[in-house]
Amino acid sequence: MSGAPAVVRAACPLDCPDACSLDVTVEAGRVTKIEGSRDRNELTAGFICSKVRTLPRHLRAPERLLHPLVRAGRKGEGAFERISWDDALDRIAARLIEIRDRFGGEAILPYAYGGSNGLLSDGTTDALLFRRLGASRLARTVCAAPTGRAATGLYGKMEGVALPDYVHAKLIVVWGCNPSATGIHLVPIVRAARDAGARLVVVDPRRIPLAAQADLHLAPRPGSDAPLALAAIRELYARGAADLDFLARHATGVEALRQRAEPWTLARAAAEADVPVADLERFVDLYAESSPAVIRCGWGVERNRNGGSAVAAILSLPAVAGKFGVRGGGYTMSNSGAWRFAAEPLWGPEPTTRTINMNRLGEALERAEPPVRALFVYNSNALATTPNQTSVRRGLEREDLFTVVFDQVATDTARYADVVLPATHFLEHRELSRGYGAFVLHVSEPAAAPPGEARPNYEVFAELAMRCGVARACEIPAEREAVARVLDATGRGEALRAELAERGYGLPAAGARPVQFVDVFPHTADRKIHLVPPELDREAPGGLHAYRADPATGRFPLALVSPATSRTVSSTFGHLRRGPVPLEMHPDDAAARGLADGERVRIWNELGEVICDLKLSSAMRPGVVELPKGLWSHNTVNGATANALAPDSLTDLGGGACFNDARVEVERAAALAPDAASLAHG
Ligand SMILES: Nc1nc2c(c(=O)[nH]1)N[C@H]1C(S)=C(S)[C@@H](COP(=O)(O)OP(=O)(O)OC[C@H]3O[C@@H](n4cnc5c(=O)[nH]c(N)nc54)[C@H](O)[C@@H]3O)O[C@H]1N2
Ligand SMILES: Nc1nc2c(c(=O)[nH]1)N[C@H]1C(S)=C(S)[C@@H](COP(=O)(O)OP(=O)(O)OC[C@H]3O[C@@H](n4cnc5c(=O)[nH]c(N)nc54)[C@H](O)[C@@H]3O)O[C@H]1N2
Ligand code: SF4
Ligand SMILES: [Mo]
């Protein structure tokens, strides 16, 4: 490769709504600089987050996995020996086939969510392999399951307001979303809208950075959004501010929703959420009087027992208040629905084997019948990101469980593997990735050579399928052909390919700045909004909008939330955050427990304990403490993270994770655990 620097066009597939278009500088086969591009995705606007800007330094970090490894010590110890790819793949194929033949395919469990993967490195040859092995199916529910169910049930996952169109709004409501960390390109857009006179409401238990600029900040107890939204709906009717005409034309379930909102007076909802009733009233004032008004609904809303109903109630607001039909009015949830792929799976039909909910991984490994005997973790750092970490860890420790971990770096999960496989990074393989905020589908070629022997998923799973004897080489399309197939599955294959040939990169979705109810309508069968969809009503325990009370007890009164931070994407890049991470707590809660800033504390409940330092913060509301998601074992004293305190109970819709239903107590650690440090892993 020549040494002259070249700028390669690429895209960021990480789990982030913004789907940035990147300009990558490559010198002598190595990435030396990554910048945000100005074309291919208007949202990027020439800048990117620091995680990806500093990526060049880390593509060859010491934590990168360079070669296949086989375990050479106890599970969890992290002792491995290098083996060849041939040896590794043969060992894996032999064990998978042996387990399938002796115990049936369901004894094999693939584990992946794939949020930070494109459409080539997830759900292609991996799907082919596990389907043909007759493996257990995995319900991919760790994120977006409740929001997805609600958005599909109500609107058929209609395209949302494009984030750049927020500049047209007169009111922006940011609900359970922290774009300053999780989708930074919205922040300057909100600022521009504010400069043009828009008002801003933030609904978040924490005083997130945007709350500092907000006209109104509602800080509810986690899990109490549904009462707030239902009370707002009730009040809109009471004031005669419901758009009855719009509802009659475009919605079903109008009366059912109204009945379910009826019990939630402003006073009752405010009491349940523990917010001042005057603030809730002010929210209704602002929402009723402003147009265009847009709601940015985030994923913080879903991660509790009421998450699905809460999202459904929030997404009902623009319908009831008649906020659609103008640019900058309506809502944004996930825009992944802008890309619709043919229902028929590209990689063969799904088998009818049992389905295991990924949020119950620990239970599946510890107790499933018939037992899981082979676990294949890829595109995931399961130990760091799944609820009930203690149970997951016990499962991974099983000596009779054959575990493969396929990753780019030596994660906490990889320490428990029998065989570890090294994966390429997104700049080192071909990828096809779709934005869920930005309306873009990116096709990118490898920009740099992988370090060591790292290989792309597509190739490795294809190779495994052949070695397991479940596929022949001629059945597996070359990568480029696979890209073409995915494009074809949109139904616009020819047009997209032509565009790709001309532009060579990022493809905008059809109608990329839609006005809801002008350019786009619900993708439900009757093209109407289903405010109380019968299928959701059947699924939610007690019916849609049946509120489940706060799980706090006298023993465990504090709500622990574990939202995203700007330092990692879920647990990705967690190896770079070496230092200890503190628990954040409001000074009043600390005073009530006699705790001081910087003290070492023990956070605990029935599921486990975390030992770390305490940081007092008035950004927390009393009664709510925070330890962020994505931590690795090296970030706390005892190696456990917030996930050790997160229950594996499920949300009302979609079988989602209830991370923010963790209820805990916090006490001084020093006297309790003098040897706590010896528990630390690694
Ligand atoms: N830098 C960075 N970016 C990311 C990620 C990351 O880890 N790091 N993760 C990516 C992924 S996987 C996702 S899903 C998205 C998620 O991005 P967001 O939608 O921002 O979701 P969270 O960070 O989970 O939570 C958002 C906010 O919800 C608040 N919250 C918690 N419980 C409740 C509640 O019950 N009600 C309300 N109203 N608010 C609540 C939290 O305090 C938090 O500020 O971000 C993506 N982008
Ligand atoms: N406590 C708590 N926990 C949470 C959450 C929370 O709010 N609170 N949020 C949850 C959410 S929103 C999500 S989306 C999940 C995400 O949880 P995970 O799906 O586990 O995502 P990551 O932690 O980002 O781990 C992705 C892993 O895949 C690897 N990887 C990336 N690309 C490739 C590839 O091409 N090939 C292979 N083989 N490996 C690759 C990365 O190196 C990384 O280790 O976490 C959840 N966990
Ligand atoms: S993580 Fe998000 S903000 Fe950062 S480069 Fe990727 S898409 Fe852009
Ligand atoms: Mo997520």
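Read on for an overview of the structure.

How each quantity is defined
Residues numbered from 1 in each chain as written. Chains lettered and ligands numbered in written order. Predicted model: local features only at pLDDT ≥ 70, side-chain atom pairs only at ≥ 80, totals over all residues. Heavy atoms only, no water. Near = heavy atom within 4 Å. Nonpolar A, V, L, I, M, F, W, Y, C, P; charged D, E, K, R; others polar. Helix = DSSP H or I, 4+ residues; strand = E, 2+ residues; numbered from the N terminus. Polar contact = N/O pair within 3.5 Å; in protein donor to acceptor, adjacent residues only side chain to side chain. Contact = heavy atoms within 4.5 Å. Expected span 1.5 Å × (residues − 1). Buried < 20%, exposed > 50% of the residue type's maximum accessible area, 1.4 Å probe, protein only. Arc of directions from axis to C-beta. Areas by Shrake-Rupley, 256 points an atom, 1.4 Å probe, with all protein chains shown as cover. Core = buried A, V, L, I, M, F, W, Y, C linked by side-chain atoms within 4.5 Å. Pairing = 2+ DSSP bridges. Axes fitted to C-alpha atoms, helices over the stretch in contact; angles between N-to-C directions. Salt bridge = Lys/Arg side-chain N within 4 Å of Asp/Glu carboxyl O.

What to know about the site of ligand 3
Right, so step 1: For ligand 3, the full set of nearby residues is C12, C16, A19, C20, I48, C49, V52 and H185.
Right, so step 2: A per-class count over the shell around ligand 3 returns 7 nonpolar, 1 polar and no charged.

Notes on the side chain of H586
Right, so step 1: Secondary-structure assignment places H586 in the loop between β23 (583–585) and α21 (587–592).
Right, so step 2: For H586, the side chain forms a polar contact with the main-chain nitrogen of D588, separated by 3.0 Å.
Right, so step 3: Sequence-distant contacts of H586, defined by excluding residues within four places in its chain, comprise S617, S618, M620, R621 and P622.

As for helix α3 (residues 85–103)
What sets the pattern is the α-helix's 3.6 residues per turn: residues three or four places apart point alike.
Right, so step 1: With 19 residues, α3 should reach 27 Å at 1.5 Å per residue; the first-to-last C-alpha distance of 27 Å fits that figure.
Right, so step 2: For α3, the complete set of buried residues consists of W85, A88, L89, I92, A93, L96, I97 and I99. Looking down the long axis of α3, one finds its buried residues gathered within 160 degrees of arc, a one-sided arrangement. For α3, exposure combined with an orientation more than 90 degrees from the buried face picks out D101 and R102.
Right, so step 3: Summarising the contacts, the buried residues of α3 are in contact with β6 (108–111), α4 (125–133), β15 (374–378), β16 (402–407), β17 (419–422) and α17 (457–467).
Right, so step 4: Looking one or two residues past α3, G104 carries a phi angle of roughly 95 degrees, positive in sign.

Describing the site of ligand 2
Right, so step 1: Around ligand 2, the surrounding shell holds 27 residues, and the nearest of these are D407, N457, S571, T572 and N643.
Right, so step 2: Here N381 contributes a backbone N or O atom positioned 2.9 Å from an oxygen atom of ligand 2.
Right, so step 3: In the model, a nitrogen atom of ligand 2 is placed 2.8 Å from a nitrogen or oxygen of the N643 side chain.
Right, so step 4: Taken by itself ligand 2 offers 920 Å² of open surface, and the protein chains cover 96% of this.

A short note on the nonpolar core
Right, so step 1: Counting 95 residues, the largest nonpolar core has Y155, W175, F283 and L317 as the members making the most contacts within it.
Right, so step 2: Tallying contributions element by element places helix α13 (residues 307–321) first for this core, with 10 residues.
Right, so step 3: Non-local contacts of F283, meaning those with residues more than four positions away in its chain, are made with V173, W175, V201, L216, L218, A232 and L317.
Right, so step 4: Within the second largest apolar cluster, 54 residues are counted, among which are W85, I108, F402 and L487.

Some remarks on the sheet that holds strand β9 (residues 199–203)
Right, so step 1: Pairing is parallel across the open sheet formed by 5 strands, whose spatial order is β10-β9-β8-β12-β13. Here the strands that pair on one side only, and so sit at the sheet edges, are β10 (216–218) and β13 (330–332). Within this sheet the neighbouring strands show an average axis-to-axis angle of 15 degrees, counted without direction.
Right, so step 2: Two strands pair when backbone bridges link them, and strand β8 (residues 171–175) and strand β12 (residues 293–297) are joined in this way by 5 bridges, in the parallel orientation. Looking at the pairing, L171 lines up with A293 of β12.
Right, so step 3: Across the sheet, α13 is in contact with β8, β12 and β13; its angle to β12 comes to roughly 165 degrees.

A few points about the pattern of salt bridges
Right, so step 1: Per the stated rule, a full pass over the model turns up 50 salt bridges.
Right, so step 2: Its salt-bridge partner being E366, residue R394 comes within 2.7 Å of it at the nearest N-O pair. Separated by 28 residues along the polypeptide, R394 in helix α16 (residues 389–397) and E366 in helix α14 (residues 361–367) bring together distant segments of the chain.
Right, so step 3: Overall, R394 belongs to the partly exposed group, its relative accessible area being 43%.
Right, so step 4: Overall, E366 belongs to the partly exposed group, its relative accessible area being 30%.

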